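# Remarks on the overall topology
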Amino acid sequence: MDEFTGGDVYQKEFNPQAYLEYFKFGSHTLGDESITYYLECLCQTFASGSLRGDTLIDIGSGPTIYQLMSACESFETIIASDYLDQNVQEIEKWRKNEPGAFDWSPVGIYVCELEGKRTKWPEKEAKLRRAIQRVLKCDVNLQNPMAPLHLPPADCVLSTECLEAACKDQASYRAALSNISSLLKPGGHLVLCGVLETTFYMVGTWKFSSLFLTEEFLKEALPASGFNIVQFKTKSRVDKGMLDLCDLTEFYFIVAQKGTEA
Ligand SMILES: C[S@@+](CC[C@H](N)C(=O)[O-])C[C@H]1O[C@@H](n2cnc3c(N)ncnc32)[C@H](O)[C@@H]1O
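Residues numbered from 1 in each chain as written. Predicted model: local features only at pLDDT ≥ 70, side-chain atom pairs only at ≥ 80, totals over all residues.

### Description of the overall build of the chain
A tally of regular secondary structure across the chain gives 9 helices and 9 strands. The C-alpha radius of gyration of the chain comes to 17 Å, within 12% of the 18 Å expected for a compact globule of 262 residues. Along the first, second and third principal axes, the C-alpha set of the chain runs to 45 × 40 × 35 Å. In the chain, which comprises 262 residues, the proportion classed as buried is 45%. Within the chain, counting contacts between residues at least 6 apart in sequence, those at least 24 apart form 73% of the total. (Helix = DSSP H or I, 4+ residues; strand = E, 2+ residues; numbered from the N terminus. Rg over C-alpha atoms; globule rule 2.2 N^0.38 Å. Buried ≥ 20, exposed ≤ 12 C-beta atoms within 10 Å, placed from the backbone. Contact = placed C-beta atoms within 7 Å.)

In structure tokens:
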């Protein structure tokens with residue numbers, strides 16, 4: 001796919017309900033494969049206690065909260081964010097336990113199992129609802145992605161499958177890395193997960209572009225933006241049966257630390 005789907009297309013065409021079809025755990029093989037991989041990596045990083053602090057900012061949260069389920073064990077305050085009002089509203093609906101909110105229990109129960117059932121899902125659900133203190137609008141293409149707000153620098157910035165959706169080329173990806181780095185304390189951590197060698201993904205009947213990323217590019221762009229790579233993992237796609245939904249070949253999971261000079 002050649003044409004970049006920018007902010008205007010997202011505003012009009014990104015349907016949170018259609019996107020959430022990928023997260024009906026147990027009924028979507030491609031969705032299951034991606035989230036089980038991300039959840040395992042996030043559990044190892046956050047639930048183990050190797051990465052902790054006061055505040056975590058999740059950038060480009062979409063309408064989803066799966067990515068925050070282990071993080072809430074290590075960070076007291078979580079700020080979720082997205083470019084789209086409809087995604088902010090979807091997370092708010094879940095946070096306030098309003099009618100029609102997405103049911104995250106199958107995913108939540110899986111995360112509690114991964115974490116060794118120290119916590120049961122209803123407890124974790126309540127903890128996560130308390131931890132997500134704000135759901136803000138953001139744009140990774142702005143120097144201050146939270147403008148007009150100025151947030152105190154966070155201990156951790158997390159972003160799952162967002163930058164490849166939001167950036168139209170390698171130059172804007174590099175700029176977005178610097179932009180989100182401005183939200184982090186020196187020495188703070190960036191946790192990134194997403195897809196490699198991907199050109200599109202479907203949300204309902206709408207096709208969204210994805211910036212074609214390679215491991216080589218990421219290993220060069222992160223240090224160039226002032227990050228030291230602490231962990232870089234990939235996993236090849238196993239299920240090749242849904243290539244019409246997304247042409248990804250590999251998943252990646254990265255932990256990087258912002259240099260103290262940056
Ligand atoms: C593939 S979804 C990922 C959502 C979620 N993080 C997840 O893991 O499922 C891509 C997200 O990027 C958001 N996005 C697109 N352009 C953006 C921008 N310029 N700044 C911030 N987020 C953006 C979209 O609204 C969408 O929620």
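### Some remarks on unusual backbone geometry
Geometrically, the link from A147 to P148 is a cis peptide bond, its omega value of 10° lying close to zero. Note on placement: P148 falls in the loop between β3 (132-137) and β4 (154-160). Although it is not a glycine, N97 sits at a positive phi angle of roughly 55°. Mapped onto the secondary structure, N97 falls in the loop between α4 (85-95) and α5 (105-114). Positioned with a positive phi, E197 is a non-glycine residue whose angle comes to about 50°. Considering the arrangement of structural elements, one finds E197 in the loop between β5 (184-196) and β6 (200-203). When the 14 C-beta atoms within 10 Å are taken as the criterion, E197 is described as partly exposed.

### Focus on the pairing of strand β7 (residues 206-209)
In this sheet, β7 lies alongside β6 in antiparallel orientation, the contact comprising 4 bridges. Within β7, the position partnered with M202 by the bridge is K207. Hairpin connection, β6 to β7: the antiparallel pair is bridged by 2 residues, and G204 has positive phi, about 65°. (Pairing = 2+ DSSP bridges.)

### A few points about the sheet that holds β4
Read from one edge to the other, the open sheet built from 7 strands follows the order β3-β2-β1-β4-β5-β9-β8, with strand pairing classed as mixed. If you trace the sheet from one side to the other, it starts and ends with β3 and β8 (227-236), each paired once. When strand polarity is set aside, the average angle formed by the axes of neighbouring strands in this sheet is 15°. As paired elements, β4 and β5 share 6 bridges and run parallel to each other. When the bridges of β5 are listed, V157 appears paired with L190. Most of the contacts of helix α3 (residues 29-47) go to strand β9 (residues 250-258), to which it runs at about 25°, and overall it touches β4, β5, β8 and β9. (Axes fitted to C-alpha atoms, helices over the stretch in contact; angles between N-to-C directions.)

### Section: the packing of α3 against α5
Each pair of packed helices can be described by the angle between their axes along with the distance between the axes. Where α3 contacts α5, the axes come no closer than 10 Å and their chain directions differ by 40°. Considering the angle they form, α3 stands oblique to α5. For the element pair α3 and α5, the recorded crossing hand is right-handed. Each of I35, L39, E40 and C43 in α3 lies in contact with α5, whose residues at this interface are V107, Y110, V111 and L114. Class assignment of the residues belonging to the contact of α3 with α5 gives a composition of 7 nonpolar, no polar and 1 charged. (Parallel < 35°, antiparallel > 145°, perpendicular 65-115°, else oblique. Left-handed = near helix turned anticlockwise from the far one by under 90°. Nonpolar A, V, L, I, M, F, W, Y, C, P; charged D, E, K, R; others polar.)

### Some words on the site of the ligand
Near the ligand you find 21 residues, and of these G60, G62, Y83, T160 and A166 are the closest. Looking at the shell around the ligand, the elements that each hand over two or more residues are α1 (7-13) and α7 (163-166). (Near = placed C-beta within 6 Å.)

### A few points about α3
Over its 19 residues, α3 runs 25 Å from end to end, which matches the ideal 27 Å to within 8%, given 1.5 Å per residue. Where α3 is concerned, the buried positions are L30, G31, S34, I35, Y38, L39, C41, L42, C43, T45, F46 and A47. Buried residues in α3 make contact with α5, β4, β5, β8 and β9. In the segment just after α3, G49 is the residue with positive phi, at about 85°. (Expected span 1.5 Å × (residues − 1).)

### What about the environment of W104?
As for its position among the elements, W104 is in the loop between α4 and α5. The class of W104 is buried, set by 21 C-beta atoms lying within 10 Å. If near-sequence neighbours (up to four positions away) are discounted, W104 is found in contact with I65, Y66 and W94.

### Notes on the nonpolar core
General note: in soluble globular proteins, nonpolar side chains tend to be found buried as a group. Of all hydrophobic cores here, the largest spans 80 residues; its most connected members are A71, I78 and V157. Here this core gets 9 residues from one element, more than from any other, and that element is α3. In contact with A71, not counting residues within four places along its chain, are L42, F46, L56, I78 and L158. (Core = buried A, V, L, I, M, F, W, Y, C linked by C-beta atoms within 7 Å.)

Any functional reading would require information that these geometric values do not contain.
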